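Listed below are the residues making up each chain.
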Amino acid sequence: MHRWLLIVLLSLALPRQAQAQPSMQANHIDANVPEDGKFTELLNRDLLAYFKATGAATATNVQVRLLRDAPTQSGVSYPKYYAWVQVQSGASRLAEGAVRLAAIERTRFEVTDYVPKNKAKGSRELVESVFPRPLVPDILRLAAE
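Scope of this entry: the structure provided in the associated data block. Note that the structure is predicted; figures quoted are calculated from it, not measured.

The rules behind these values
Residues numbered from 1 in each chain as written. Predicted model: local features only at pLDDT ≥ 70, side-chain atom pairs only at ≥ 80, totals over all residues. Heavy atoms only, no water. Buried < 20%, exposed > 50% of the residue type's maximum accessible area, 1.4 Å probe, protein only. Helix = DSSP H or I, 4+ residues; strand = E, 2+ residues; numbered from the N terminus. Arc of directions from axis to C-beta. Contact = heavy atoms within 4.5 Å. Core = buried A, V, L, I, M, F, W, Y, C linked by side-chain atoms within 4.5 Å. Pairing = 2+ DSSP bridges. Axes fitted to C-alpha atoms, helices over the stretch in contact; angles between N-to-C directions.

## Some words on helix H5 (residues 136-144)
Piece 1. The set of residues buried in H5 consists of Val136, Ile139, Leu140, Leu142 and Ala143. All buried residues of H5 lie within an arc of 160° about the axis, which places them on one face of the element.
Piece 2. Against strand E1 (61-66), strand E2 (80-89), strand E3 (92-104), helix H3 (117-122) and helix H4 (124-130) lie the buried residues of H5.

Below you can see the structure in the form of structure tokens.
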């Protein structure tokens, strides 16, 4: 008898829990992704700071192409964005490649992974180990250009 009661209670609880998941993800995204008016400014600021700190000290600007328009949310981690970035100092290109970034508390982005163009071009396995499978062909195509 107790076994059937437990099964009935679980069957009632599971659909509600499954419906709650998308709203929990949406809440987590809303809590971390900067508002539209600040998104590009913060993204460019934090990418430029990252590259200046990691070897492109003379960088003056970045050009960013998001590989997905919306963030990827997995569990309770920060929402992730994927982009192709070109780092420049004036007219000179200092760095180029694919980045994975976490949006944090609506105030900043943190680069979690950077795969330079020359490494992406030579290693599909490396690209697949960092980026979602649907983005791999685009990253490899950009690396080959």
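## Regarding the nonpolar core
Piece 1. Membership of the largest hydrophobic core comes to 21 residues, with the highest contact counts inside it found for Leu47, Phe51, Val85, Val87, Val99, Leu101 and Phe109.
Piece 2. If you list the elements that add at least two residues to this core, you get helix H2 (36-53), E2, E3 and strand E4 (108-116).
Piece 3. Ranked by the residues each element gives to this core, the list is headed by H2, at six residues.
Piece 4. Sequence-distant contacts of Leu101, that is, excluding residues within four places in its chain, are made with Leu43, Leu47, Pro79, Lys80, Tyr81, Ala83, Phe109, Glu110, Val111 and Thr112.
Piece 5. Counting 15 residues, the second largest nonpolar core, distinct from the first, contains Leu67, Tyr82, Phe131 and Ile139.

## Structural notes on the environment of Val127
Piece 1. Locating Val127 in the fold gives a position in helix H4.
Piece 2. Filtering out sequence-adjacent residues up to four positions away, Val127 remains in contact with Ala120, Val136, Ile139 and Leu140.

## Concerning the sheet that holds E4
Piece 1. A sheet is described by the order of its strands in space; here four strands give the open sequence E1-E2-E3-E4, paired in antiparallel fashion. Edge positions in the open sheet fall to E1 and E4, since each of these has one partner strand only. Sheet twist, expressed as the average angle between the axes of neighbouring strands with direction ignored, equals 35°.
Piece 2. As defined by bridge partners, E3 adjoins E4 across eight bridges and the pair is classed as antiparallel. Across the sheet, residue Arg100 finds its bridge partner in E4, namely Asp113.

## Observations concerning the environment of Lys52
Piece 1. Structurally, Lys52 is set in helix H2.
Piece 2. Its relative accessible area of 38% is what places Lys52 among the partly exposed residues.
Piece 3. In sequence terms Lys52 and Val87 are 35 residues apart; their C-alpha atoms lie 9.5 Å from each other.
Piece 4. Beyond its immediate sequence surroundings of up to four residues, Lys52 is in contact with Ala57 and Ala59.

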